[in-house]
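Take a look at the letters that make up each chain.
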Amino acid sequence: MAAMTRPLLNRRLAEFGTTIFAEMSALAVRTGAINLGQGFPDTDGPEEIREAAVRALRDGRGNQYPPGPGVPELRSAVAEHQLRRYGLEYDPDAEVLVTAGATEAIAAALLALVEPGDEVIALEPYYDSYAACIAMAGGTRVPVTLRPSEGRFVLDLDELRAAVTDRTRLILLNTPHNPTGTVLTRAELAAVAELAVERDLLVVTDEVYEHLVFDDAEHVPIASLPGMRERTVTIGSAGKTYSFTGWKVGWVTATPALTTAVRSAKQYLTFVASGPFQYAIAEALRLPDSFLDGLRADLLAKRNLLSDGLAGAGFDVYRPAGTYFVTADIRPLGATDGIAFCRALPERAGVVAIPTAVFYDHRDAGAPFVRFAFCKERPVLEEAVSRLKALGG
Ligand SMILES: *Cc1c(COP(=O)(O)O)cnc(C)c1O
């Protein structure tokens, strides 16, 4: 019995007991509200990619443990993709590692590179797995807050510079950024790169939304900037780009030494995953760019539909330059606490959103913001917008 008197969940994970997504999704089910909380598409990706997975399954490709670093077809396709899109050259054998989604890549990178006591700088609000993985690695998270300014959440480069100490091991970047929709500009990334070089820091960069950018925003991988290739672990994923979030195919591109380090942790997490889907995503990555153009055009229309609808309902809207989330300020509606607002929203208006305060250490900085996902079918978004008019802003 003595063992049961202490909390079951260990101290490192105690603060990560339940995620906001579980609470809000349960609320959506209970109330029948439209769930714009969790960020997964409500339709599947392209038929030809699904067929490629079926073919791989039928042909017995990937049904047994695939090679630890990933199947050669996918590693080559990832390397070709980085070269074709960004002029970044990676050796598919030594510098590409396939992971169980970006989630495993993030976990493996942090577990491999962070020593207990090391500080890890992360942009706040942060993607929820970052905080938990930093904790699992025994690191200390040091948030740098993206601050709203002129319709965009902005990285304050002085604040970033001030956050670096002698114990800083790495900067964990995310661009395009979830949840704010900010796409870091080339100039901002150049400043981050300069700092990383000057202070000899590693950069782990989560670029799962690399293809989901709008208007004149440009996705720049920080690995492509001077002095950065040798200190950057770049993380990609097929889930968001191709609308197959259940397949869990992600990847890392980095120098041989960094790739080997990440693989050392990864081999004891899942060892390998997603066998047949790796072959299918290898084909997806070789689709003509027109496929991505179509995807972007579709998402852009949905972004505009939801952003305009939220503005019409009285929110102050941060129209995102990338990702499939829009962040809105609830203060024009007379509210200040996003968590209370989101708990009440299903009853009030039949829609579920996520309060972004839960992705901040400085909760006050995030209190009035809520996040809506627009990766949903048009009629779903139209219905959500019409329901939100009930807020009477
Ligand atoms: C969805 C998401 C991930 C997880 O990607 P998977 O490939 O599904 O594991 C990682 N980072 C960010 C910012 C995300 O939004």
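On a predicted model such as this, the values are computed, not experimentally measured, just so you know. (Residues numbered from 1 in each chain as written. Predicted model: local features only at pLDDT ≥ 70, side-chain atom pairs only at ≥ 80, totals over all residues. Heavy atoms only, no water.)

A. The packing of aromatic side chains, seen in detail. This structure, assessed with the given rule, holds 15 aromatic pairs. Taking the centre distance of 5.1 Å and the plane angle of 75° together, the rings of Phe153 and Phe369 count as edge-to-face. Of the two residues, Phe153 sits in strand E5 (residues 152-155) while Phe369 sits in strand E14 (residues 369-373), which places them 216 residues apart along the sequence. Summarising the aromatic geometry, the rings of Trp247 and Phe277 are spaced 4.5 Å apart at their centres and angled 20° between planes, so their arrangement reads as stacked. Of the two residues, Trp247 is situated in the loop between helix H8 (239-242) and strand E9 (249-253) and Phe277 in helix H10 (residues 275-285); the sequence distance between them amounts to 30 residues. (Phe/Tyr/Trp six-rings, centres within 6.5 Å; stacked < 30°, edge-to-face > 60°. Helix = DSSP H or I, 4+ residues; strand = E, 2+ residues; numbered from the N terminus.)

B. Here's a closer look at the nonpolar core. Among the nonpolar cores identified, the biggest contains 76 residues, and Leu110, Val233, Phe315 and Phe372 are the most heavily contacted of them. Counting residues per element, this core draws most heavily on helix H4 (residues 101-113), at eight residues. With near-sequence residues (within four places) excluded, Val233 lies in contact with Ala109, Leu113, Val203, Val204, Thr205, Val252, Thr253, Ala254, Leu258 and Val262. The next biggest cluster of nonpolar side chains, apart from the first, holds 28 residues, and it includes Val78, Leu88, Ala238 and Ala282. (Core = buried A, V, L, I, M, F, W, Y, C linked by side-chain atoms within 4.5 Å. Buried < 20%, exposed > 50% of the residue type's maximum accessible area, 1.4 Å probe, protein only. Contact = heavy atoms within 4.5 Å.)

C. Structural view of the packing of H4 against helix H9 (residues 256-266). Two elements in contact, H4 and H9, have axes separated by 8 Å at closest approach and are oriented at 105°. Classed by the angle they form, the pair H4 and H9 counts as roughly perpendicular. In this structure, H4 uses Glu104, Ala108, Ala109, Leu111, Ala112 and Leu113 to contact H9, whose residues at the interface are Leu258, Ala261, Val262, Ala265 and Lys266. (Axes fitted to C-alpha atoms, helices over the stretch in contact; angles between N-to-C directions. Parallel < 35°, antiparallel > 145°, perpendicular 65-115°, else oblique.)

D. Spatial organisation of the side chain of Thr145. Structurally, the position occupied by Thr145 is in strand E4 (residues 140-149). Of the polar contacts made by the side chain of Thr145, one reaches the side chain of Glu124; its length is 2.5 Å. (Polar contact = N/O pair within 3.5 Å; in protein donor to acceptor, adjacent residues only side chain to side chain.)

E. Highlighting the site of the ligand. Near the ligand there are 13 residues, and of these Thr103, Asp206, Tyr209, Ser237 and Lys240 occur at the shortest range. The side chain of Asn178 places a nitrogen or oxygen atom 3.0 Å from an oxygen atom of the ligand. Contacts to the ligand include Ser237, whose side-chain N or O atom sits 2.6 Å from an oxygen atom. Contact with the protein chains removes 94% of the 380 Å² of surface that the ligand exposes when unbound. The dominant element in the shell around the ligand, judged by the number of residues it contributes, is H4, at four residues. Residue composition of the shell around the ligand, grouped by class: five nonpolar, five polar and three charged. (Near = heavy atom within 4 Å. Areas by Shrake-Rupley, 256 points an atom, 1.4 Å probe, with all protein chains shown as cover. Nonpolar A, V, L, I, M, F, W, Y, C, P; charged D, E, K, R; others polar.)

F. Main features of H10. Summarising burial for H10: nine of the eleven residues are buried, a large majority. Residues of H10 that are buried include every one of Gly275, Pro276, Gln278, Tyr279, Ala280, Ile281, Ala282, Ala284 and Leu285, and no others. Summarising the contacts, the buried residues of H10 are in contact with helix H2 (47-58), helix H3 (72-86), strand E2 (96-100), H8 and E9.

G. Seen up close, the sheet that holds strand E7 (residues 202-206). With mixed pairing, eight strands are arranged side by side in an open sheet as E2-E9-E8-E7-E6-E3-E4-E5. Looking at which strands have only one partner, the edges of the open sheet turn out to be E2 and E5. Averaged over all pairs of adjacent strands, the angle between strand axes in this sheet comes to 25°, irrespective of strand direction. Pairing analysis gives five bridges linking strand E6 (residues 168-174) to E7, with the strands arranged parallel. The residue of E7 that forms the bridge with Leu173 is Thr205. Against the sheet, H3 makes contact with E2, strand E8 (232-237) and E9, and its axis sits at roughly 115° relative to E2, the strand it touches most. Contacts between helix H5 (residues 128-136) and the sheet are confined to strand E3 (119-124), E4, E6 and E7, with E6 contributing the most and set at about 160° to the helix. (Pairing = 2+ DSSP bridges.)

H. Fine view of the sheet that holds strand E13 (residues 354-355). Spatially, four strands are ordered E10-E11-E14-E13 in an open sheet, and the strand pairing comes out antiparallel. Two strands bound the open sheet, and with one partner strand each, they are strand E10 (316-318) and E13.

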